[in-house]
Each structure stands twice: as C-alpha cells, then as structure tokens.
Amino acid sequence: MNQYRANDGDRLDIIVFKNYGSIDRYVMDIVLDANEHLLGNTILKAGDVVFLPEITTTTQETTTKALW
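Below: a short report on this structure. Everything quoted here is computed from the prediction, not taken from an experiment. (Residues numbered from 1 in each chain as written. Predicted model: local features only at pLDDT ≥ 70, side-chain atom pairs only at ≥ 80, totals over all residues. Heavy atoms only, no water.)

### Things to note about the side chain of D10
Here comes step 1: Tracing the backbone shows D10 in the loop between β1 (2–5) and α1 (12–20).
Here comes step 2: Of the buried charged residues, D10 lacks a salt bridge, with K18 as the closest side chain of opposite charge at 6.4 Å.
Here comes step 3: Of the polar contacts made by the side chain of D10, one reaches the side chain of Y4; its length is 2.7 Å.
Here comes step 4: Not counting the four nearest positions on each side in its chain, D10 is found in contact with Y4, I15, T42, I43 and L44. (Helix = DSSP H or I, 4+ residues; strand = E, 2+ residues; numbered from the N terminus. Buried < 20%, exposed > 50% of the residue type's maximum accessible area, 1.4 Å probe, protein only. Lys, Arg positive; Asp, Glu negative; His and termini not counted. Salt bridge = Lys/Arg side-chain N within 4 Å of Asp/Glu carboxyl O. Polar contact = N/O pair within 3.5 Å; in protein donor to acceptor, adjacent residues only side chain to side chain. Contact = heavy atoms within 4.5 Å.)

Printed below as a string of structure tokens:
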C-alpha cells in the first residue's frame, strides 16, 4: 500500500484521481475504507497521511456492463 503525505489544502478526491485516474464509487469506497481517519475532512492539512491501496481494475471491469 502506497502512502501520500498531504500538503495544506489538498483534497482527497484530487489525490485519488491523480493516483487512480478515477473517482468512481468503487475506487472511492476502497480508498475511504483505508482512510477512515480522514472521514469528514474535506480539505486536508499538511502532514495528513493518505493510504493508497492497490486496486485491481479487473474487479471493477467485471461489474461494469457495456451498453453497446
């Protein structure tokens, strides 16, 4: 599991997007489960540690249905 040390004013959704390329529900649920200490913090403080678990896209892809 990787870690990111926040700078003052960082936002979790931006950090997640930069690391995973997505902020869909699947990705956010996994990241939030690993970062319960950050729940309720919209804006992070300098030094806050964000845990970035490995997320396999195969699990996500198998639950997504294509329309075409």
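So, next bit.
### Quick notes on the nonpolar core
Here comes step 1: A6, L12, I15, V16, V27, M28, V31, L38, L44, V50, L52 and I55 form the largest nonpolar core, which has twelve residues in total.
Here comes step 2: Of all the secondary-structure elements, those providing two or more residues to this core are α1, α2 (25–34) and β2 (49–52).
Here comes step 3: With near-sequence residues (within four places) excluded, L44 lies in contact with A6, N7, D8, G9, D10, R11, L12, I15, L38 and V50. (Core = buried A, V, L, I, M, F, W, Y, C linked by side-chain atoms within 4.5 Å.)

### A few points about the environment of R11
Here comes step 1: Tracing the backbone through its elements, the reader meets R11 in the loop between β1 and α1.
Here comes step 2: With a relative accessible area of 37%, R11 lands in the partly exposed category.
Here comes step 3: Residues R11 and K45, spaced 34 residues apart in sequence, show a C-alpha to C-alpha distance of 9.2 Å.
Here comes step 4: Once residues within four sequence positions are removed from consideration, R11 is found in contact with T42 and L44.

### Details of the side chain of S22
Here comes step 1: With respect to the secondary-structure elements, S22 resides in the loop between α1 and α2.
Here comes step 2: Using a relative accessible area of 19% as the deciding quantity, one classes S22 as buried.
Here comes step 3: Reaching out from S22, the side chain makes a polar contact with the backbone nitrogen of D24 at a distance of 3.1 Å.
Here comes step 4: Residues in contact with S22, not counting those within four places in the same chain, are V16, F17 and V27.

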